[in-house]
Amino acid sequence: MPRTAAMPPSPLPLGTLPANAVLVEPIHLRLKQARVEAGVTLAQMGLALGVSPQQVLKYERGQNRLCADRLPVWAALCGVSVEELLGDAGRHALTFFAGDGVMSLVQAFTAISDPGVRQALIETARALAIADRQRRERPAAV
């Protein structure tokens, strides 16, 4: 089974955070809420994620981090979107790190239920990224 790292303690006491720091509601609270509201058991979630029910419990308590690639599995099993699991903090973080179109892409991807179609989309995106990189690496014509 995959190993996950325990969440490290906060590096700074709350009073010492910089004035521009953004405090984020922990995702583990939304993970548990979504699972419970969907009526999904710890065992069912563990089976879907490929981990033990005890590991699912650790994700929900915030003791261990859930890998981002497992968020779509959690969301699909609970009948919610990845965006709902991430909340506003996730939307802002994705926009900050990768641009405005990321949330639209995530929403569209999570709306696809067919694993084959999802895989085709991933392969298409990879091919486009390779083509884009090759285009940028070509020397300019003189």
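Residues numbered from 1 in each chain as written. Predicted model: local features only at pLDDT ≥ 70, side-chain atom pairs only at ≥ 80, totals over all residues. Heavy atoms only, no water.

**Thoughts on helix H7 (residues 115-137)**
Then, number 1: End to end, H7 covers 33 Å across 23 residues, agreeing with the expected 33 Å (1.5 Å per residue, within 8%).
Then, number 2: The backbone nitrogen of glycine 116 lies 2.7 Å from a side-chain oxygen of the residue at the head of H7, namely aspartate 114. (Helix = DSSP H or I, 4+ residues; strand = E, 2+ residues; numbered from the N terminus. Expected span 1.5 Å × (residues − 1). Polar contact = N/O pair within 3.5 Å; in protein donor to acceptor, adjacent residues only side chain to side chain.)

**Some details on the environment of glutamate 84**
Then, number 1: Along the chain, glutamate 84 falls in helix H5 (residues 82-98).
Then, number 2: Among the polar contacts listed, one links the side chain of glutamate 84 to the backbone nitrogen of serine 81, at a separation of 2.9 Å.

**Section: the packing of helix H1 (residues 27-38) against helix H4 (residues 71-78)**
Then, number 1: Two elements in contact, H1 and H4, have axes separated by 8 Å at closest approach and are oriented at 30 degrees. Of the residues in H4, those touching H1 at Ile27, Leu31, Ala34, Arg35 and Ala38 are Leu71, Trp74, Leu77 and Cys78.
Then, number 2: Split into classes, the residues belonging to the contact of H1 with H4 amount to eight nonpolar, no polar and one charged. (Axes fitted to C-alpha atoms, helices over the stretch in contact; angles between N-to-C directions. Contact = heavy atoms within 4.5 Å. Nonpolar A, V, L, I, M, F, W, Y, C, P; charged D, E, K, R; others polar.)

**Quick notes on the confidence of the model for the chain**
Then, number 1: Scored by pLDDT, the chain comes out at a mean of 77, with 69% of its residues at no less than 70.
Then, number 2: For the chain, per-element mean pLDDT is lowest for H5, which scores 63, and highest for helix H3 (residues 53-61), which scores 95.
Then, number 3: Segment residues 1-24: pLDDT under 50, and 23 contacts once partners within four positions in sequence are set aside and those in other chains are kept. (pLDDT = per-residue confidence, 0-100.)

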